[in-house]
Amino acid sequence: MEKYHSLVNKQKEFFRTEQTKDINFRITSLQKLRDAIRFKEKELMAALREDLNKSDFEAYTTEIGFVLAELRFTINNLRSWAKPKKVKTPKTHFGSTSYVYSEPYGTALIIAPWNYPIQLAIGPLIGAIAAGNCAVIKPSELTPKTSELLEELISELFPEHYISVVQGGVEASQALLNEKFDYIFFTGSVAVGRIVMEAAAKKLTPVTLELGGKSPCIVHKDAKIKLAAKRIAWGKFTNAGQTCIAPDYLYLHKSIKDRFLAQFKQEIAELYGKQPLENPNFTRIVNRSHFDRLRSYLNNGETFLGGKTESEKLIIEPTILTNISWEDPIMEDEIFGPIFPVLEYDNLSDVVEAIHRQPKPLAFYIFSESKSIQDKILNNVSFGGGCVNDTIYHVASPHLPFGGVGNSGIGAYHGKSSFDTFSHKKSVLKQTTRFDIPVRYPNIKNGLNIIKKVLK
Ligand code: NAD
């Protein structure tokens with residue numbers, strides 16, 4: 001589409017002015033972004049309330065506060081990250097020195113989903129700005145209020161030839177994918193991730209794909225039951241389970257199953273109330289089609305807790321389904337809602353086998369007091385990232401690269417990883433002109449023999 005073509009060209013022209021590479025320009029841009037998010041905190045909360053019925057507490061902890069912490073960390077460290085890094089030089093290169101320069105790719109496209117519409121649009125943008133890029137953000141059409149506010153916020157802060165928000169759905173997204181960007185950062189479903197990678201492959205554009213999948217959560221017989229129940233209830237039902245790294249299904253050791261479930265019920269009531277449908281702060285399902293999709297799972301297995309829905313308000317209460325097997329429809333795809341299927345096991349090795357039959361998950365959680373069990377399972381199972389004795393908390397550390405593996409994604413970000421993701425690492429050898437070691441030249445006497453002594 002003509003307007004996107006012209007927008008991308010304007011950004012490319014601006015990038016060539018070199019202004020975005022200036023470290024002070026980058027830091028000032030990040031500070032402006034931080035100040036604007038602080039200034040618009042109330043409006044952002046109101047938009048999230050309207051789009052998803054997110055409570056102010058969740059809006060702040062998982063979106064606004066999250067990106068503010070990321071901004072602070074980046075602003076404080078950027079000068080050191082951006083410096084060329086001197087690396088070792090082998091003896092064969094005597095006389096020279098070696099450096100890695102981090103240079104911005106140019107113009108980045110950021111496509112975001114609806115479940116954390118601020119965090120997942122602004123998070124990658126922080127990396128893009130920090131690394132010195134221009135960027136176009138395509139937020140989700142399913143959270144229109146927040147996307148509108150993001151557009152307003154960004155357009156008040158930055159000229160469109162630097163950072164711009166393009167609103168729209170599949171059509172806008174695909175039209176943007178037809179343009180030649182220098183980097184594509186996509187967060188969303190596995191199915192759309194494939195489409196994005198295909199489009200990127202046509203233009204050989206590098207990508208980061210932050211995708212989803214079914215993330216397992218295991219509670220072993222030696223786990224601290226009360227703590228596990230509380231931490232799992234929080235990780236699963238935050239944002240009504242619409243979290244890419246939410247525990248998708250629960251594996252309980254047979255010997256603690258009843259005890260755990262009884263405790264789990266209590267913890268859920270503590271966190272979300274005995275009547276969650278009446279809790280004004282329980283997040284709703286994003287739209288009718290997701291609501292209907294989720295409701296269709298409610299007849300799987302046996303309902304241990306919950307199961308009630310409020311169709312007008314698109315709310316589903318925290319629900320636990322027991323007597324579930326891998327043949328049940330709920331075990332086919334990522335659930336992405338407040339419904340939790342429970343499987344039981346005797347041998348941990350059977351659980352590992354079952355997980356290996358599935359695509360590699362984005363997240364993984366194990367609750368156990370035994371270091372050898374923790375180590376064994378961490379060695380055995382491949383996953384994007386995860387926690388031992390907790391859920392979803394790893395996402396909030398700027399020191400831990402966040403991303404998937406296999407079907408759950410390619411690449412990672414957060415903290416310095418965001419800066420690295422949006423930077424090309426340019427290797428440079430600086431050679432001396434004071435002398436010239438002759439062995440590499442073909443006309444040197446006995447050259448091959450000398451080379452053979454060095455390169456072996
Ligand atoms: P989605 O893939 O449907 O949409 C994501 C974005 O892609 C939206 O902006 C949308 O407009 C665009 N899009 C949709 N269809 C498209 C198409 N055919 N061509 C081009 N663009 C298209 O995902 P969603 O429903 O918004 O989000 C839920 C999914 O995202 C879940 O699978 C979840 O696990 C995943 N997710 C992953 C992470 C992560 O960090 N790894 C975070 C949040 C969500």
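No experiment lies behind these values; they were computed from the predicted model shown. (Residues numbered from 1 in each chain as written. Predicted model: local features only at pLDDT ≥ 70, side-chain atom pairs only at ≥ 80, totals over all residues. Heavy atoms only, no water.)

### Things to note about the site of the ligand
Alright, step 1. The immediate surroundings of the ligand are formed by 27 residues, with Ala 112, Ser 173, Ser 189, Leu 211 and Glu 334 found nearest.
Alright, step 2. One of the side-chain nitrogen or oxygen atoms of Trp 114 is found 2.9 Å away from an oxygen atom of the ligand.
Alright, step 3. Surface burial for the ligand is 91%, taken as the share of its 840 Å² of free accessible area covered by protein chains.
Alright, step 4. Of all the elements in the fold, those that place two or more residues in the shell around the ligand are helix 7 (170-177), strand 6 (183-187) and helix 8 (190-202).
Alright, step 5. In terms of residue count, the dominant contributor to the shell around the ligand is helix 7 (3 residues).
Alright, step 6. Of the residues contributing to the shell around the ligand, the split by class is 15 nonpolar, 8 polar and 4 charged.
Alright, step 7. Taken together, domain 1 (2-211 + 406-428) and domain 2 (216-403) each give at least three residues to the shell around the ligand, which thus spans both. (Near = heavy atom within 4 Å. Polar contact = N/O pair within 3.5 Å; in protein donor to acceptor, adjacent residues only side chain to side chain. Areas by Shrake-Rupley, 256 points an atom, 1.4 Å probe, with all protein chains shown as cover. Helix = DSSP H or I, 4+ residues; strand = E, 2+ residues; numbered from the N terminus. Nonpolar A, V, L, I, M, F, W, Y, C, P; charged D, E, K, R; others polar. Domains from an automatic or database assignment.)

### Some thoughts on the packing of helix 2 (residues 23-39) against helix 4 (residues 56-82)
Alright, step 1. It is at 10 Å that the axes of helix 2 and helix 4 come closest, and there the two elements cross at 165 degrees. Taken together, the axes of helix 2 and helix 4 are roughly antiparallel relative to one another. As helix 2 packs across helix 4, the resulting crossing turns out to be left-handed. Along the contact surface, helix 2 presents Ile 23, Asn 24, Arg 26, Ile 27, Leu 30, Gln 31, Leu 33, Arg 34, Ile 37 and Arg 38, while helix 4 presents Ile 64, Val 67, Leu 68, Leu 71, Thr 74, Ile 75, Leu 78, Arg 79 and Ala 82. (Axes fitted to C-alpha atoms, helices over the stretch in contact; angles between N-to-C directions. Parallel < 35°, antiparallel > 145°, perpendicular 65-115°, else oblique. Left-handed = near helix turned anticlockwise from the far one by under 90°. Contact = heavy atoms within 4.5 Å.)

### A short note on the environment of Pro 280
Alright, step 1. Secondary-structure assignment places Pro 280 in the loop between helix 10 (257-272) and helix 11 (288-295).
Alright, step 2. As for Pro 280 and Lys 54, which are separated by 226 residues in sequence, their C-alpha atoms are 9.4 Å apart.

### Description of the environment of Leu 68
Alright, step 1. Relative to the assigned elements, Leu 68 resides in helix 4.
Alright, step 2. Separated by 340 residues in the primary sequence, Leu 68 and Ser 408 place their C-alpha atoms 26 Å from one another.
Alright, step 3. With residues near it in sequence (within four places) discarded, Leu 68 still touches Arg 34, Ile 37, Arg 38 and Tyr 60.

### Points about the packing of helix 3 (residues 41-52) against helix 6 (residues 144-157)
Alright, step 1. The N-to-C vectors of helix 3 and helix 6 enclose an angle of 155 degrees; their axes lie 7 Å apart at closest approach. The angle between helix 3 and helix 6 falls in the class roughly antiparallel. In this structure, helix 3 uses Glu 43, Leu 44, Ala 47, Leu 48, Glu 50 and Asp 51 to contact helix 6, whose residues at the interface are Pro 144, Lys 145, Thr 146, Leu 149 and Glu 152.

### Quick look at the domain arrangement of the chain
Alright, step 1. Looking at the assigned domains, one finds that the chain contains domain 1 (2-211 + 406-428) and domain 2 (216-403).
Alright, step 2. In this structure, domain 1 and domain 2 have C-alpha centres spaced 30 Å apart.
Alright, step 3. Across the contact, 27 residues belong to domain 1 and 27 residues belong to domain 2.
Alright, step 4. With both sides pooled, the region where domain 1 packs onto domain 2 buries about 2,200 Å², and carbon together with sulfur makes up 53% of that total. (Buried area = accessible area lost by both parts, 1.4 Å probe.)

### Comments concerning the side chain of Ser 140
Alright, step 1. Its location among the elements puts Ser 140 in the loop between strand 4 (134-138) and helix 6.
Alright, step 2. Ser 140 gets classed as buried once you look at its relative accessible area, which sits at 5%.
Alright, step 3. Within the structure, the side chain of Ser 140 is placed 3.0 Å from the backbone nitrogen of Leu 142, a separation counted as a polar contact.
Alright, step 4. Setting aside chain neighbours within four positions, we find Ser 140 in contact with Ala 112, Pro 113, Trp 114 and Ser 147. (Buried < 20%, exposed > 50% of the residue type's maximum accessible area, 1.4 Å probe, protein only.)

### Remarks on the sheet that holds strand 9 (residues 249-253)
Within a sheet, adjacent strands bond to each other through the backbone by hydrogen bonds, running parallel or antiparallel.
Alright, step 1. The strand order across the open sheet formed by 7 strands is 10-13-14-9-8-15-16, and the pairing between neighbours is mixed. Because the sheet does not close on itself, it has two edges, and the strands there are strand 10 (302-305) and strand 16 (385-388). Neighbour-to-neighbour, the strand axes of this sheet turn through a mean angle of 25 degrees, independent of strand direction.
Alright, step 2. Judged from the 3 bridges that link them, strand 13 (residues 319-322) and strand 14 (residues 339-345) form a sheet pairing that is parallel. The partner of Ile 320 across the bridge, within strand 14, is Phe 340. (Pairing = 2+ DSSP bridges.)

### Describing the pattern of salt bridges
Alright, step 1. Inspection of every chain in the model, using the stated rule, returns 19 salt bridges.
Alright, step 2. In this structure, the salt-bridge partner of Lys 145 is Glu 148, at a minimum N-O distance of 4.0 Å. Of this pair, Lys 145 and Glu 148 both sit in helix 6, separated by 3 residues, roughly a single helical turn.
Alright, step 3. Residue Asp 292 is joined to Arg 295 by a salt bridge in which the shortest nitrogen-to-oxygen separation is 3.5 Å. Residue Asp 292 and its partner Arg 295 are located together in helix 11, separated by 3 residues, close to a single helical turn.
Alright, step 4. Under the relative-accessibility criterion, Arg 295 is labelled partly exposed at 33%.
Alright, step 5. Connected through salt bridges with shared partners, the residues Lys 40, Glu 152 and Glu 156 form a single ionic network. (Salt bridge = Lys/Arg side-chain N within 4 Å of Asp/Glu carboxyl O.)

### A word on the nonpolar core
Alright, step 1. Of all hydrophobic cores here, the largest spans 115 residues; its most connected members are Leu 33, Phe 260 and Phe 264.
Alright, step 2. If you tally residues by element for this core, the top one is helix 4, at 10 residues.
Alright, step 3. Look past the residues within four positions of Leu 33 in its chain and what remains in contact with it is Leu 71, Ile 122, Leu 125, Ile 126, Ile 129, Leu 153, Ile 154, Leu 157 and Phe 158. (Core = buried A, V, L, I, M, F, W, Y, C linked by side-chain atoms within 4.5 Å.)

### A look at the sheet that holds strand 5 (residues 163-165)
Alright, step 1. A sheet is described by the order of its strands in space; here 6 strands give the open sequence 5-4-3-6-7-17, paired in mixed fashion. Looking at the sheet topology across the chains shown, the edges are occupied by strand 5 and strand 17 (409-410).
Alright, step 2. Pairing analysis gives 3 bridges linking strand 4 to strand 5, with the strands arranged parallel. Within strand 5, the position partnered with Val 136 by the bridge is Ser 164.

### Description of the packing of aromatic side chains
Alright, step 1. Across all of its chains, the model carries 24 aromatic pairs by this definition.
Alright, step 2. Centroid distance Tyr 249 to Tyr 251: 6.0 Å. Interplanar angle 75 degrees. Geometry classified as edge-to-face. No difference in accessibility class separates Tyr 249 from Tyr 251, as the two residues are buried.
Alright, step 3. Taking the centre distance of 4.9 Å and the plane angle of 25 degrees together, the rings of Phe 364 and Phe 383 count as stacked. Here the residue Phe 364 occupies a position in strand 15 (residues 363-367), and Phe 383 occupies one in the loop between helix 13 (371-380) and strand 16, the gap between them amounting to 19 residues. Considered together, Phe 364 and Phe 383 belong to a single accessibility category, that of buried residues.
Alright, step 4. Its end group placed over the ring of Phe 304, Lys 265 keeps NZ or CZ at 5.4 Å from the ring centre.
Alright, step 5. Residue placement shows Lys 430 over the ring face of Tyr 99; its charged tip is 4.6 Å from the ring centre. (Phe/Tyr/Trp six-rings, centres within 6.5 Å; stacked < 30°, edge-to-face > 60°. Lys NZ or Arg CZ within 6 Å of the ring centre and 35° of its normal.)

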